[in-house]
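Examining the three-dimensional arrangement
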Amino acid sequence: MRLGLDLENCYGINKLVKELDFTRIDGIDGVCSLYAPNGTLKASQAKALKDIEEDR
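A short tour of the structure in this document, coming up.

With respect to helix α1 (residues 42-53)
Its twelve residues place the ends of α1 17 Å apart at the C-alpha level, agreeing with the 16 Å of an ideal helix rising 1.5 Å per residue. Those residues of α1 that sit buried are Ser44, Gln45, Ala48 and Asp51. Down the axis of α1, the sector holding all buried residues measures 120°, keeping them to one side. Across from the buried face of α1, at angles greater than 90 degrees, the exposed residues are Ala43 and Glu53. Here the buried face of α1 lies against β1 (2-10) and β2 (13-21).

This is the structure we're talking about:
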């Protein structure tokens, strides 16, 4: 399963186009993690995804 992101002007995110791949590999469920220094808009991305989930 893949999730395509195309976010623009969301909580300080100017533009973000990325595909996350959750495909099973060798019988293990796919996992994506987001690891980055403070101040790189991780929380903004989480807020934008929550808005999408809640259809806002």
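Moving on, there is more to tell.
Section: the pattern of salt bridges
Taken as a whole and judged by the stated rule, the model has eight salt bridges. Here Asp21 makes a salt bridge to Arg2, at a shortest N to O gap of 3.7 Å. One end of the pair, Asp21, is in strand β2; the other, Arg2, is in strand β1, and 19 residues separate them in sequence. Among the ionic pairs, Glu54 bridges to Lys50, the shortest N-O distance being 3.5 Å. When its relative accessible area of 36% is taken as the criterion, Glu54 is described as partly exposed. On the basis of relative accessible area, Lys50 is assigned to the partly exposed category, the value being 40%. Residues joined by salt bridges that share partners form a network here, namely Lys50, Asp51, Glu53, Glu54 and Arg56.

Rules used throughout
- Residues numbered from 1 in each chain as written.
- Predicted model: local features only at pLDDT ≥ 70, side-chain atom pairs only at ≥ 80, totals over all residues.
- Heavy atoms only, no water.
- Helix = DSSP H or I, 4+ residues; strand = E, 2+ residues; numbered from the N terminus.
- Expected span 1.5 Å × (residues − 1).
- Buried < 20%, exposed > 50% of the residue type's maximum accessible area, 1.4 Å probe, protein only.
- Arc of directions from axis to C-beta.
- Contact = heavy atoms within 4.5 Å.
- Salt bridge = Lys/Arg side-chain N within 4 Å of Asp/Glu carboxyl O.

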